[in-house]
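Okay, here's what each chain looks like letter by letter:
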Amino acid sequence: MDLQNVNAPPAFVAGDPDLPVDPVIEAYKKDIDRSLVRQSLRLSVTERFEELMELERFAEALRDAPTVLE
Amino acid sequence: MTDFKALLDLFVSSGIEFIVVGGAAATAHGSSRLTRDLDVVYRRTPENIQRLAEAVGRHQPYLRGAPPGLPFHWDTDTIRRGLNFTLETALGNLDLLGEVTGGGNYENLLPHTELKLIFGVKCRCLNLKRLIEVKRAAGRPKDLEAIAELEVLLEERGPGPSG
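A.B. asks: Please clarify how the overall build of chain B should be interpreted in this entry.
C.D. replies: Per the secondary structure count, chain B includes seven helices and nine strands. Taking 2.2 N^0.38 as the reference for a compact globule, 163 residues should give roughly 15 Å; the C-alpha atoms of chain B span a radius of gyration of 15 Å, in line with that estimate. Counting only C-alpha atoms, chain B reaches 45 × 30 × 30 Å along its principal axes. Buried residues in chain B amount to 40% of all 163 residues. By sequence separation, contacts in chain B at least 24 residues apart represent 64% of the contacts at least 6 residues apart.

The following block contains the structure:
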């Protein structure tokens, strides 16, 4: 057993004492593209919703796209 | 497609007391994940239920995923007898929640909300920290990636209300 870890203070998300670090979630965080997160944070709330609706419109267009013969 | 602008306009202009939760609240806080419905926790007072029945009733609400033709009537009795409703409407998919796992009802969530200006209307959204806690409490494996993104948002944004 790693005694150093046993005695270490519990870790918290973003320094918030109400949100203890969950190792499973930490594993998922490694795959989050932080550049996209920072890009999103630069948008206004309305712009975020407009982007969401645009994305949904695009997804619908892709779903409805017919296959054409070459 | 869910018309978030029209749904939020409808709720605000009808004077409905509600809190945006779920994926739409995550979007408000900066999440890039696609969500296809608007989840709101509504206040279960007789007046608010009346407003909800009238406003949503104008947009052909029906139980999402249910076979067509069921005798479903959207009115105050239906809302009073039920609690959480997953609806499809002419404006898109709408989840009306009387309470959420790990978060409770409207009154429980209210202290953990912040006002966001969305499409020019002020909407009450669950704050980022509480949203994470609620999603953690729900314990759904499908949420793990979403929670990870929300926590990264919290880390990148720092403490205090988001923009």
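Next, the rest of the story.
A.B. asks: Is there a simple way to explain the interface of chain B and chain A in this structure?
C.D. replies: Note: interface size is frequently given as the accessible area lost on complex formation between the parts. Opposite the 27 residues of chain B that make contact, chain A presents 25 residues. For the side of chain B that touches chain A, the secondary-structure elements that each account for two or more residues are α2 (22-29), β8 (113-118), α6 (128-138) and α7 (144-157) of chain B. The element that contributes the greatest number of residues to the side of chain B that touches chain A is α7 of chain B, accounting for 12 residues. Looking at the side of chain B that touches chain A residue by residue, the class counts come to 14 nonpolar, four polar and nine charged.

A.B. asks: Where do I start with the confidence of the model for chain B in this structure?
C.D. replies: Parts of the model with low pLDDT should not have their predicted coordinates read in detail. The pLDDT averaged across chain B works out to 94; a share of 97% of its residues lies at or above 70. Listed scores for the predicted complex are pTM 0.90 and ipTM 0.85.

A.B. asks: Just checking my understanding: could you explain the environment of L153 of chain B for this structure?
C.D. replies: Note that L153 of chain B resides in helix α7. C-beta crowding within 10 Å serves as the criterion here: with 25 such atoms nearby, L153 of chain B is assigned to the buried category. Sequence separation of L153 of chain B and L128 of chain B is 25 residues, and the distance between their C-alpha atoms is 8.5 Å. Once residues within four sequence positions are removed from consideration, L153 of chain B is found in contact with V37 of chain A together with H29, G30, S31 and L128 of chain B.

A.B. asks: Quick question: what am I supposed to make of α2 of chain B here?
C.D. replies: Each turn of an α-helix holds 3.6 residues, which means side chains three or four residues apart point in the same direction. Residue and element names in this part refer to chain B. Across the eight residues of α2, eight count as buried, placing the element largely inside the fold. The set of residues buried in α2 consists of G22, G23, A24, A25, A26, T27, A28 and H29. Just downstream of α2, G30 is the residue with a positive phi angle, here 120 degrees.

A.B. asks: Just checking my understanding: could you explain helix α1 (residues 4-13) of chain B for this structure?
C.D. replies: Residues and elements named next belong to chain B. Among the residues of α1, those classed as buried are F4, L7, L8 and F11. The buried residues of α1 occupy an angular sector of 95 degrees when the element is viewed end-on, so they sit on one face. Directly after α1, the chain includes G15, whose backbone phi takes a positive value near 70 degrees.

A.B. asks: Where do I start with the environment of S14 of chain B in this structure?
C.D. replies: Residues and elements named next belong to chain B. Within the element layout of this structure, S14 appears in the loop between α1 and β1 (18-21). Its 15 C-beta neighbours within 10 Å are what place S14 among the partly exposed residues. Among all residues touching S14, those that are not within four sequence positions of it are R51 and A55.

A.B. asks: It is not clear to me how the pairing of strand β5 (residues 92-97) of chain B should be interpreted in this structure. Could you clarify?
C.D. replies: Regular strands place their side chains on alternate faces of the sheet. All names here are of chain B. In this structure, strand β2 (residues 37-42) lies alongside β5, joined through five bridges in parallel fashion. The residue of β5 that forms the bridge with D39 is D95. Judged from the five bridges that link them, strand β4 (residues 85-89) and β5 form a sheet pairing that is antiparallel. Across the sheet, T89 pairs through a bridge with G92, a residue of β5. Taking the residues between adjacent antiparallel strands as the criterion, β4 and β5 are bridged by two residues.

How each quantity is defined
Residues numbered from 1 in each chain as written. Chains lettered and ligands numbered in written order. Predicted model: local features only at pLDDT ≥ 70, side-chain atom pairs only at ≥ 80, totals over all residues. Helix = DSSP H or I, 4+ residues; strand = E, 2+ residues; numbered from the N terminus. Rg over C-alpha atoms; globule rule 2.2 N^0.38 Å. Buried ≥ 20, exposed ≤ 12 C-beta atoms within 10 Å, placed from the backbone. Contact = placed C-beta atoms within 7 Å. Nonpolar A, V, L, I, M, F, W, Y, C, P; charged D, E, K, R; others polar. pLDDT = per-residue confidence, 0-100. Arc of directions from axis to C-beta. Pairing = 2+ DSSP bridges.

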